[in-house]
Structure formats: C-alpha cells, structure tokens
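So you can see what is in the structure, the chains are spelled out below.
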Amino acid sequence: MSESESVQRSESPVTKSEKEDHIEEKMNALMELTCRCFLVFIIGYVASLIPSIRLLISQFHELGLNSNWEDLVWIIPGFMHSFLTYILCTKVLSKYLRPFYRENKFRPYESDSSRLWRYGNLLYGCYYYILSFGVLMWLVVGTEYCPKAYGGNLDLGNTIRIWPYEAPKSIRIFYMLTFGHHFERTVKEINHRNQKTFWTLFFHHLLTLVLLGLSFVMKHYQYGVTILLIHDMTDIWLNLSRFFREFIEPFATMAKVCFVVCVFAWFHSRIWMFTKEVFIDGFLYSITRIPPIIRSYLTAHMFYLVALFFLLILNVYWFMQMMRVIIILFINKKDNLPFEDKASKRK
C-alpha cells in the first residue's frame, strides 16, 4: 500500500455506525460514573440511619410489634435456591439446548463455553422471574399489597397513614427468599468486575438489597411488594427476548415479539406505574399528611424517596436503551446490536 493510500484511509470519515457506537460508549461511561457516585451516597446515607433504626425498633416493641428476626433464616434457602438453579442452568441445561442455537453467532469473539454460560444465565433469569412474579401475585392479588393495575387494592397514600403495620407471614418469608436471591446475584456480579456495565448492575442489585432490607426492618412491606411486582414482570419479557434471540426460527421471531412486549410493559410498569403509584400516590401525595410517628423518623423515611428516585433514573436510562434497540431492529432492519454484541469487557 502506498503512503498516499495509507493517509487517505486513515483520514476516511467516521461511519454512522461508529458514531452511534461512540455515543453508546459515552452514555455507558457516564452511567457507570453516576452509579458509582450514587453508590457512595447510598452507603453513607444508610450508615447515618443506624441510630434512628435502633430507636425505631425499640418503639415497635413498645407498640406491641415484633421485629420478626426469625424470618431472616429464609435468606439462606433463597440464596441456595438461586445459586444451585444458576449452576444447573449454566452447567447442565444450556448444553441440552445446543440443537436450537443458530450457527452464526452475534458475538464472533465469544467462545463456546462463554456462549453456553450466557445462555444458561438467561435461562435462569427466565425461570426465576416467572416463578417470582407468579408466586408473589398468587400471594397478594386482590389485596392491599397488589397494585390496582394488577387487580389489587393498593393505596400507598393510606399506607403512610396506617404505618407501622404487620405483614402476613407468607409475605415476610417471600421477602427474605427474595433477599437471598438478590444477595446471590450481587455476589455473582462482584465476580464479573471486568464487565463494561459492572457499576450500573452492581448498584442496581445493592440498591434492591437495601430497599428490601430497610422495608423489612421498618415494616414498609407494601412499598417493597409493589416494587418487586413491577420489576419482576418486565424482567420476564426482557430475559425471554434475550434468551430466544440467538435461537433458530421460530424462536428468533419470538424474541422480537417478546422484546416489543417488554418495551410496552417497561414503560407502563417501571415508568408510568412506578411514578404514579409509588411517587405521586405514595410519597408526594401524602407528604403533607405525615403522621407524628413518621415525623419522628423522617430522615429514615426520606431514604425511600431518594433510593426510589435513583431506581427510576436507571429505569428511564434502560428504557432509552430499549428504544435505540427498537430503531436498530425495526427501522434500520439490522439484527446485530452494536453495544450488546461487542466484547463486554472493560478495556
């Protein structure tokens, strides 16, 4: 190659795809930095709440409410169920699905073992979120713990007025089983620190653990159940769409259908319902109607407003990513997703 040809090639204009990849990388880097800052803030905030939580527990005892520490033992089976099912899916079941995998991989750099692990992880996600959402709906449908959109009588504004309250034993057990699951997911995430989205996902898992733990200790179960239902329902469709994506037909088409359903469900549940039923009907509507007992522990209660706002930011960010995928798949008519299919390790 002549020197002039080399210079001409080096000065060739950047393609539209390369520009989009660059923007995607910049957005991810910004979100990673934001989540690291959020993480430091959340850890500091929770540490500052410890004295208030101790006083609150003492007041619960004076009101005749139990701490229910014995329920914490259910964290162990929740953790073990998550871990063993994850091993079963990634080490065993993913191998039996080989005949359904498409020959041309979306990730050419990926080894067969890594591909099987990734499929097994997605299979586990499909199984867990279908199970979690189904069981929780069975426990709460038609009650004050279930959002109106899901067939319940939830009124988070009233929850503030009647607090503190006790939850049925079944809901408390489910709470701790779920805590064990998210604890196992957080440990797993730590083992993949070299992933490009590590801090975003780690912050999401840790924030979920903190919200579950505090809502259990402070007896804000209706908030916790609502958040779990909203997020588990959309995670079903997200995992199904990613799982079927690299399969042969008709599963590849099913992946696109599942993804479209996921986008609509995500907006309705994680953005619209989350904002209306949790923020407006819950915190903001009742902020001027706070009973005296909550005023005494206002800093602890305001943590939910801060933490759920951070969670809403993540949900909006991920929804924007989904809309970009919609454009790639249905407008640009491409099957490859630049950010998703590129090497996922940090440089």
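What counts and what doesn't
- Residues numbered from 1 in each chain as written.
- Predicted model: local features only at pLDDT ≥ 70, side-chain atom pairs only at ≥ 80, totals over all residues.
- Heavy atoms only, no water.
- Salt bridge = Lys/Arg side-chain N within 4 Å of Asp/Glu carboxyl O.
- Helix = DSSP H or I, 4+ residues; strand = E, 2+ residues; numbered from the N terminus.
- Buried < 20%, exposed > 50% of the residue type's maximum accessible area, 1.4 Å probe, protein only.
- 1 Å grid on protein atoms, 1.4 Å probe; cavity = no way out; pocket = protein on both sides within 12 Å on 5 of 7 lines; lining within 4 Å.
- Points joined across faces, edges and corners; volume = space filled by probe spheres on them.
- Axes fitted to C-alpha atoms, helices over the stretch in contact; angles between N-to-C directions.
- Parallel < 35°, antiparallel > 145°, perpendicular 65-115°, else oblique.
- Left-handed = near helix turned anticlockwise from the far one by under 90°.
- Contact = heavy atoms within 4.5 Å.
- Nonpolar A, V, L, I, M, F, W, Y, C, P; charged D, E, K, R; others polar.
- Phe/Tyr/Trp six-rings, centres within 6.5 Å; stacked < 30°, edge-to-face > 60°.
- Lys NZ or Arg CZ within 6 Å of the ring centre and 35° of its normal.

Novice: Before we move on, can you summarise the pattern of salt bridges with the specific residues and values?
Specialist: Evaluated as defined, the whole model comprises eight salt bridges. For arginine 115, the salt bridge identified is with glutamate 246, shortest N-O distance 3.7 Å. Of this pair, arginine 115 sits in helix 4 (residues 112-140) while glutamate 246 sits in the loop between helix 8 (221-244) and helix 9 (251-286); the two residues are 131 residues apart in sequence, bridging distant segments of the chain. Like arginine 115, the residue glutamate 246 is buried in the burial classification.

Novice: Break down empty space enclosed by the protein for me, citing the residues and quoting the values.
Specialist: Per the counting criterion, the structure on display carries three cavities of 30 Å³ or more. The volume enclosed by the largest cavity comes to roughly 220 Å³. Secondary structure elements with two or more residues in the lining of the largest cavity: helix 7 (198-217), helix 8 and helix 11 (298-331). For the lining of the largest cavity, the element with the highest residue contribution is helix 8, accounting for seven residues.

Novice: Any chance you could break down the packing of helix 6 (residues 169-190) against helix 8 for me, citing the residues and the numbers?
Specialist: Across the interface, helix 6 lies against helix 8 with an axial gap of 11 Å and an inter-helix angle of 55 degrees. As the angle between them shows, helix 6 and helix 8 are arranged oblique. The two elements helix 6 and helix 8 cross, and the hand of that crossing is left-handed. Across the interface between the two elements, Ile171, Arg172, Phe174, Tyr175 and Thr178 of helix 6 pack against Tyr221, Gly224, Val225 and Leu228 of helix 8. Looking at the contact of helix 6 with helix 8 residue by residue, the class counts come to six nonpolar, two polar and one charged.

Novice: Any chance you could break down the packing of aromatic side chains for me, citing the residues and the numbers?
Specialist: Counted by the stated rule, this structure contains 29 aromatic pairs. With 5.8 Å between their ring centres and 70 degrees between their planes, phenylalanine 60 and tryptophan 163 make a pair best called edge-to-face. Taken as a pair, phenylalanine 60 in helix 2 (residues 16-62) and tryptophan 163 in the loop between helix 5 (156-162) and helix 6 lie far apart in primary sequence, 103 residues in all. For phenylalanine 60, a relative accessible area of 2% puts it in the buried group. Ring centres of phenylalanine 203 and phenylalanine 310 lie 6.3 Å apart, and the angle between their planes is 55 degrees; this geometry places the pair in the tilted category. With phenylalanine 203 in helix 7 and phenylalanine 310 in helix 11, this pair connects stretches of sequence that are 107 residues apart. Each member of the aromatic cluster is reached from another via a ring pair, and the members are Phe100, Tyr101, Tyr119, Phe243, Phe244, Phe247 and Phe251. Above the face of the tyrosine 86 ring, arginine 185 is positioned so that its terminal group lies 4.8 Å from the ring centre. We note lysine 219 situated over the ring of phenylalanine 60; from NZ or CZ to the ring centre the distance is 5.7 Å.

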